[in-house]
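# Fold and geometry: a report
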Amino acid sequence: MSRTFDLVVIGAGSGGVRAARMAASYGAKTVIIEEYRVGGTCVIRGCVPKKLFVYASRFSDLFDVAQSFGWQVDARFDWPTLVANKDKEIARLEAAYTAGLEKPGVEIIHDRAVVTGPNSVRIVGTGEVLEAKHILIATGGHPKIPNIPGAELGISSNEAFDLKTLPHSILIEGGGYIAVEFATIFAGLGVHTTIIYRGDCLLRGFDEDMRHGLEAGLQTRGIKLIYQTTIASLKQQGADISVTFSDGVVAPFGAVMFATGRAPNVRGLGLETAGVELTHAGAIKVDKYSQTTTPSIYAVGDVTGRAALTPVAIREGWYFAETVFNNNPLAVDHSLIPTAVFAEPEIGVVGLTEIEAATHGNIDVYVARFRPMINTLSTKSDRMILKLITEADEGKVLGCHILGPGAAEMIQLVALPMAMNATKKDFDRTIALHPSAAEELVTFKAPTYRYRNGVKV
Ligand code: FAD
């Protein structure tokens, strides 16, 4: 006889784990099925190991600056030590996530699952079929690899975390945050790094000052940028990979990484058998309560293609559990999501870009550019940029964009007053903290420039 659950969750990543824990804490008989490792992309091969690698890579910049403060530095870097210590921390987190599920009574099955109907799920390895009052699909996404000759010689972010040795050089294809973060990681660790991108500037969709500031920062760190070009093919050449570009140029690299986007994990999940529809982009179609076109099946996180970020997946998982198991319907507000690019220089953004805001009405733009204080004793030329965008009339803060040290930490705190509809006057009333970079945000006097009827004046 098959077992029956109130909730069967497929995927123990950010969204699935939160939903399962919350549902079980409301008394739902819950099982979660994971085919790889508990914790999902963020913990195992995303945010967490990436941030650890970012910390590792930033020491080289710090060593440069340290000398201007009188330190003599003779440092060597050991890649296997970093990978081993990262693995230890990931294993600790995986155990903590597992314990967090077990405590409220969630059963964990380590296997692959497929949906076999609106209320049933099959465990692939054992063939067991579970009956479910509700199914939650939280299967995340995977890296897209271009369909080109020799693509199997390249790596994605998945493999980048566990390379046996550091390559002498790397070519990274892509222009999004994963491409630039890994470029600064590898460059910071001493790898000759090149980014190749089909567009003409990195980080499409970000504020133009952030994009150009980042571009300058990457180049200062020796990262080579090749625009309006793609990788046409790869071929093994001794220990190196010979890369042919779309313009016919051929060059060898120690490694090639594809950071050319991610796609939702929907293939082979059996969604069609249950009537779950997809969007044009191939993600699971959901309403504001994360309910799919099949009423008993919900979906959260990257597989829904809304905003592919851990805190968003967590919030969607939590609100799903509130809605379905606590009789408290809650819809996630996706309109104000702070986000960071942990490159060097770092970027933190929340709200509208200047161009977006200007299409909504008259705006004032406040911009500060300066050398971060930590660099002032050295010859480092990096500039920090802080930008605040406000409505012209009411002064409501519409966007904030920061490039430079500490940008991510700052933007999380700016997101709070913005979520409370803060105005420029609220920022003005706030006393500055000196000396800090963030004090610029509360000491802006006149706008640096304005937009009136969509035109910059
Ligand atoms: P996931 O965390 O991907 O979990 C899905 C799980 O489902 C996986 O464990 C998978 O093995 C499992 N699964 C899939 N199919 C099946 C099946 N059929 N049966 C059983 N199990 C299955 N976000 C941030 O907010 N900040 C960052 O700094 C950040 N950095 C990132 C860096 C990288 C390199 C990457 C790749 C992502 C990063 N992200 C970051 C994004 C973040 O990791 C995701 O948004 C988040 O993990 C999505 O959570 P999820 O629950 O939707 O899916």
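None of these values were measured; they are calculated from a predicted model. All residue numbers here refer to positions counted from 1 along the written sequence of the relevant chain. Two thresholds apply to this predicted model, a pLDDT of at least 70 for residue-level local features and 80 or more for giving and counting side-chain atom pairs, whereas whole-chain, interface and lining totals are computed over all residues. Values reported for side chains reflect all heavy atoms of the structure, with hydrogen atoms and water molecules removed beforehand.

So, about the site of the ligand. As a matter of local geometry, the ligand sits amid 37 residues, with G15, E34, T41, K50 and D302 nearest to it. E34 is positioned with one of its side-chain polar atoms (N or O) 2.6 Å from an oxygen atom of the ligand. Only the protein chains shown count as cover for residues, and the accessible areas themselves come from Shrake-Rupley with a 1.4 Å probe. Burial of the ligand by the surrounding chains reaches 95%, relative to a free accessible area of 1,000 Å². The way it works is that DSSP assigns letters per residue, a run of H or I at least four long becomes a helix, a run of E at least two long becomes a strand, and they are numbered from the N terminus. Going through the elements one at a time, α1 (14-25), β2 (30-34), α2 (40-45), α3 (47-68), α6 (177-188) and α8 (310-325) are the ones with two or more residues in the shell around the ligand. Tallying contributions element by element places α2 first for the shell around the ligand, with four residues. Taken together, the residues of the shell around the ligand sort by class into 16 nonpolar, 12 polar and nine charged. The nearness test applies per residue and asks whether one of its heavy atoms lies within 4 Å of the molecule or strand. For this analysis, a polar contact is any N or O atom pair within 3.5 Å, provided that within protein one partner can donate a hydrogen and the other can accept it, and provided that sequence-adjacent residues contribute only side-chain to side-chain pairs. Under this grouping Gly is polar, as are all residues other than the nonpolar Ala, Val, Leu, Ile, Met, Phe, Trp, Tyr, Cys and Pro and the charged Asp, Glu, Lys and Arg.

Let us now look at the nonpolar core. Counting residues in each nonpolar core, the largest one holds 52 residues, and the members touching the most others are I172, V180, F186, L202, L214, M257 and I347. Excluding residues within four positions of it along the chain, L202 makes contact with G174, G175, V180, I195, Y197, R211, L214, L218, L225 and Y227. By convention a nonpolar core is built from buried Ala, Val, Leu, Ile, Met, Phe, Trp, Tyr and Cys residues, the set being connected through side-chain atoms within 4.5 Å. Relative accessible area decides the class of each residue, using a 1.4 Å probe on protein chains only: under 20% of the type maximum gives buried, over 50% gives exposed, and in between gives partly exposed. Here a residue-residue contact requires only that any non-hydrogen atoms of the pair lie within 4.5 Å.

We now examine the pairing of strand β21 (residues 397-403). Counting buried residues in β21 gives seven out of seven residues, a clear majority hidden from the surface. For two strands to be treated as a pair, DSSP must find no fewer than two bridges joining them. Sheet topology note: the strand β18 (residues 347-351)/β21 ladder contains five bridges and is antiparallel. If you follow I347 over to β21, its bridge partner there is L403. Of the pairings in the sheet, the one linking strand β20 (residues 384-391) to β21 comprises six bridges and is antiparallel in character. Considered in β21, the bridge of I385 is made with L403.

Taken domain by domain, the protein chain comprises domain 1 (3-143 + 263-325), domain 2 (151-260) and domain 3 (345-456). A per-residue breakdown of the area domain 1 buries against domain 3 is headed by V65, S68 and F69, which together make up 58% of the total. Basic side-chain nitrogens of Lys or Arg form a salt bridge, by our definition, when they fall within 4 Å of a carboxyl oxygen of Asp or Glu. Applying the counting rule to domain 1 against domain 3 returns two salt bridges. Residue D61 pairs with K380 through a salt bridge whose shortest N-O separation is 3.6 Å. Run the count over domain 1 and domain 3 and you get one residue pair in polar contact (both at pLDDT 80 or more). The class makeup of the residues in the side of domain 1 that touches domain 3 is three nonpolar, one polar and four charged. An automatic or database domain assignment supplies the residue ranges for each domain. By convention, the term buried area covers the 1.4 Å-probe accessible surface removed from two parts as they join, with the contributions of both added.

Paired rings are identified among Phe, Tyr and Trp, the last through its six-membered ring, by centres lying within 6.5 Å, and are further divided according to the angle between planes into stacked (under 30 degrees), edge-to-face (over 60) and tilted (the rest). Taken as a whole, this structure holds 11 aromatic pairs when the rule is applied. For the pair F59 and F63, a centre-to-centre distance of 6.0 Å together with 35° between the ring planes defines the contact as tilted. Taken as a pair, F59 and F63 lie in helix α3 at a separation of four residues, close to a single helical turn. Here F59 falls in the partly exposed class, since its relative accessible area comes to 44%. In this structure F63 comes out as partly exposed when scored by relative accessible area, which is 32%. For the ring pair Y366 and F444, a centre distance of 5.6 Å and an interplane angle of 40° mean the geometry is tilted. A residue pair is termed long-range when its members are at least 10 positions apart, and Y366 in strand β19 (residues 363-370) and F444 in the loop between α11 (424-429) and β22 (449-452) qualify at 78 residues. Put simply, the rings of F53, W79, F161, F182 and F186 touch in pairs and so form one group of aromatic residues.

Strand order in the open sheet formed by seven strands is β17-β18-β21-β20-β19-β22-β23, with antiparallel pairing between adjacent strands. Sheet topology places β17 (339-341) and β23 (455-456) at the edges, where each strand pairs with a single neighbour. Each axis is a line fitted through C-alpha atoms, and for a helix only the stretch in contact is used; angles between axes span 0 to 180 degrees, taken between their N-to-C directions. Packing of helix α7 (residues 208-220) onto the sheet brings it into contact with β18, β19, β20, β21 and β22, and relative to β21 it is tilted by some 5°.

The next thing to look at is a nonpolar patch on the surface. A contiguous nonpolar patch, built from F59, L62, F63, F69, W71, V73, I374 and L377 and spanning about 780 Å² of accessible area, is present on the exposed surface. Tracing the sequence through the fold places V73 in the loop between α3 and α4 (79-102). By relative accessible area, V73 is classed as partly exposed at 30%. Residues form patches when they are more than 30% accessible in relative terms and have no salt bridge. Like charges link within 9 Å. Nonpolar side chains (Val, Leu, Ile, Met, Phe, Trp, Tyr) link within 5 Å.

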